[in-house]
Amino acid sequence: MSHMNGFVYILIFAGLFLMGGAYSFWKQKLSMSMVVLLALAGLMCFATGVLKLT
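Below or above, wherever it landed, is the structure these notes cover. Values in this document were obtained by computation on a predicted structure and should not be read as measured data.

1. Quick notes on the environment of V35
Reasoning step 1: Residue placement: V35 occurs in helix α2 (residues 32-53).
Reasoning step 2: Among the residues examined, V35 registers a relative accessible area of 9% and is labelled buried.
Reasoning step 3: A C-alpha to C-alpha distance of 8.8 Å links V35 and M19, two positions 16 residues apart in sequence.
Reasoning step 4: Those residues in contact with V35 that lie beyond four places of it in its chain are A22, F25 and W26.

2. A few points about the packing of aromatic side chains
Reasoning step 1: Under the counting rule described, the total for this entry stands at one aromatic pair.
Reasoning step 2: Residues Y23 and W26 carry aromatic rings whose centres are separated by 5.9 Å and whose planes lie at 40 degrees to one another, so their mutual orientation is tilted. Placement of the pair is Y23 and W26 together in helix α1 (residues 3-27), with a separation of three residues, close to one helical turn.
Reasoning step 3: According to the relative accessible area criterion, W26 is partly exposed, its value standing at 46%.

What counts as what
Residues numbered from 1 in each chain as written. Predicted model: local features only at pLDDT ≥ 70, side-chain atom pairs only at ≥ 80, totals over all residues. Heavy atoms only, no water. Helix = DSSP H or I, 4+ residues; strand = E, 2+ residues; numbered from the N terminus. Buried < 20%, exposed > 50% of the residue type's maximum accessible area, 1.4 Å probe, protein only. Contact = heavy atoms within 4.5 Å. Phe/Tyr/Trp six-rings, centres within 6.5 Å; stacked < 30°, edge-to-face > 60°.

All we've got here are geometric facts, nothing functional implied.
And the structure:
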């Protein structure tokens, strides 16, 4: 496995982690701006990782 593939998997994992945090904030009815920020950051990390993987 090259270093780039390792980085791609870290991006995918970080994206899922951030989206999970956004879901947790949403369930706790916390600040909607923080939910949106976390969801967008997670989506960008996840999408970048998936696109680099293919």
